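Observations on the model geometry
Given next are the chains, with one letter for each unit.
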Amino acid sequence: MKDKIMPVGVVISGRDPLVSLEKVKSLGLFNCQMSIPPEEWWSKERIELIKKTAKEKKIKITSLICGFEGESYRDIPTIKRTVGLLNPAMRGKRVLRVFSYSDFAAKLEVKVIQTHIGFIPEDRADPDYEGLVIALQRIADYCRENNQFFALETGQEKALTLSKFIEDVNRLNVRVNFDPANMLLYDADDPIKALNILGRYVIGVHCKDGKRPERKGELGREYPLGEGDVGIEDFINKLKKIGYTGPLTIEREISGERQMRDILEAKELLERLVSKE
Ligand code: MG
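Here's what I pulled together on the structure shown here.

1. Structural notes on the overall build of the protein chain
Secondary structure assignment for the protein chain yields 10 helices and 10 strands. Relative to its length of 277 residues, the protein chain is compact, with a C-alpha radius of gyration of 18 Å against a globular reference of 19 Å. Counting only C-alpha atoms and orienting by the principal axes, one finds that the protein chain spans roughly 50 × 45 × 35 Å. When the 277 residues of the protein chain are sorted by exposure, 53% land in the buried category. Counting every atom, the protein chain has about 13,800 Å² of accessible surface; 49% of that belongs to carbon and sulfur.

Here is the structure:
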């Protein structure tokens, strides 16, 4: 049977993968991106249990989302200091951490791992730029040994900065997880136009909505899908136009009943837009 074009999925927590897989099922979905489970889930037996549970529920884990201890998204200066691989004081240790995530993903038979690597400097002469390129090359080479792609989450820089960076890294298994809302939240770029530049690298998509910050230097706000300024219909049409066929992964960064309701509404909206001629 031919795979469904742009199947709708959801971002889930890896804290307890079994509980999360049940959540995916209860939403009526069959694919998800999962944050990397804590190490207590890395044993052979527990990996088998995750695989078995996913198989029983007919759920595909399309990618694993890597995070690092000490990351905080409180405000832009804190993000710059703590998130991803930008801070040279943490970079080496975190690259090794990604290697272990890659090994875990390989055992779980997940083909993509992804993360926010932090704000990529616009200026190639920036002292952090070269170190970041080398870090990504090391990660990409390690992932290639495990037969994986490594995807960079968009949004903390302009699309052109990211595409130049990917060219400089120069590894075929480096791709993009495209999050259109982040481009607005970080006031970085126009998400639809950005697909003209990054389209060929897109291996995953976050369906998330948001609005730009009201004051410069602040973070914008996330909204339920369809209620922000992304222009979800234009976004889906643009994905069709560039020939993207992979999953549409709903990301709603709140919790509780409201989150479930927003995800279900997003699912309905996306299924309608995907099937629209
Ligand atoms: Mg995202």
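2. Some remarks on the nonpolar core
Core analysis: the largest hydrophobic core is formed by 84 residues, its most contacted members being L64, F165 and F178. Broken down by element, the residue count for this core peaks at eight residues, all from helix α5 (residues 129-145). Among all residues touching F178, those that are not within four sequence positions of it are T154, M183, P191, A194, L195, L198, V202, G204, V205, H206 and F235.

3. Regarding the sheet that holds strand β7 (residues 202-207)
Reading around the circumference, β1-β2-β3-β4-β5-β6-β7-β10 is the order of the eight strands in this closed barrel, with parallel pairing throughout. Each strand axis lies, on average, 30 degrees off the axis of its neighbour in the sheet, ignoring direction. Bridging between strand β1 (residues 8-12) and strand β2 (residues 31-35) involves three bridges; their strand directions are parallel. From the neighbouring strand, V10 faces β2, where its bridge partner is C32. Taken strand by strand, helix α4 (residues 88-107) contacts β3 (60-65), β4 (112-115) and β5 (149-153), and its axis lies near 145 degrees from that of β4. In this fold helix α6 (residues 159-169) packs onto β5 and β6 (174-178), with an angle of close to 160 degrees to the strand it touches most, β6.

4. Remarks on the coordination of the magnesium ion
Within the protein, E153 (OE), D179 (OD), H206 (ND1) and E251 (OE) serve as the donor atoms for the magnesium ion, at 2.0 to 2.2 Å. If you list the donors of the magnesium ion from N- to C-terminus, the spacing comes out as E-x25-D-x26-H-x44-E. Remark: D179 occurs in the loop between β6 and α7 (180-185) and E153 occurs in strand β5; sequence separation between them is 26 residues. Residue class for E153 comes out buried when judged on its relative accessible area of 8%. What makes D179 buried here is its relative accessible area of 0%.

5. Describing the environment of E109
Examined against the element boundaries, E109 turns out to sit in the loop between α4 and β4. Here E109 falls in the exposed class, since its relative accessible area comes to 59%. Considering only alpha carbons, one finds E109 and R15, 94 residues apart in sequence, at a separation of 19 Å.

6. A closer look at unusual backbone geometry
Of note, E109 is a non-glycine position whose phi angle comes to about 60 degrees, a positive value. Unlike most non-glycine residues, N170 shows phi in positive territory, near 60 degrees. Its location among the elements puts N170 in the loop between α6 and β6. By relative accessible area, which is 56% here, N170 ends up exposed.

7. Looking at the side chain of T53
Structurally, the position occupied by T53 is in helix α2 (residues 44-56). Residue T53 is classed as buried on the basis of its relative accessible area, which comes to 11%. Excluding anything up to four places from it in sequence, T53 contacts L18 and L21.

8. A word on the environment of K4
Following the sequence through the fold, K4 ends up in the segment before β1. When the C-alpha atoms of K4 and P247 are compared, they prove to be 9.1 Å apart, with 243 residues separating the residues in sequence.

9. Describing the pattern of salt bridges
The tally for this structure, following the rule as stated, stands at 21 salt bridges. Taking the shortest distance from any N to any O, the salt bridge between K52 and E56 comes out at 3.8 Å. With K52 and E56 both in helix α2 and four residues apart, this pair spans about one turn of that helix. Residues D262 and R252 are paired through a salt bridge, measuring 2.8 Å at the closest nitrogen-oxygen approach. Of this pair, D262 sits in helix α10 (residues 256-275) while R252 sits in the loop between β10 (248-250) and α10, placing them 10 residues apart in sequence. Taken as a pair, D262 and R252 share a single burial class, namely buried. Residues participating in the shared-partner salt-bridge network are D179, K208, E251 and E253.

10. Looking at the side chain of Q156
On the secondary structure map, Q156 appears in the loop between β5 and α6. A distance of 3.1 Å separates the side chain of Q156 from the side chain of Y186, its partner in a polar contact.

Rules used throughout
- Residues numbered from 1 in each chain as written.
- Predicted model: local features only at pLDDT ≥ 70, side-chain atom pairs only at ≥ 80, totals over all residues.
- Heavy atoms only, no water.
- Helix = DSSP H or I, 4+ residues; strand = E, 2+ residues; numbered from the N terminus.
- Rg over C-alpha atoms; globule rule 2.2 N^0.38 Å.
- Buried < 20%, exposed > 50% of the residue type's maximum accessible area, 1.4 Å probe, protein only.
- Areas by Shrake-Rupley, 256 points an atom, 1.4 Å probe, with all protein chains shown as cover.
- Core = buried A, V, L, I, M, F, W, Y, C linked by side-chain atoms within 4.5 Å.
- Contact = heavy atoms within 4.5 Å.
- Pairing = 2+ DSSP bridges.
- Axes fitted to C-alpha atoms, helices over the stretch in contact; angles between N-to-C directions.
- Donors = N, O, S within 2.8 Å, 3.2 Å for Na, K, Ca; no water.
- Salt bridge = Lys/Arg side-chain N within 4 Å of Asp/Glu carboxyl O.
- Polar contact = N/O pair within 3.5 Å; in protein donor to acceptor, adjacent residues only side chain to side chain.

So yeah, pure geometry; function would need other evidence.
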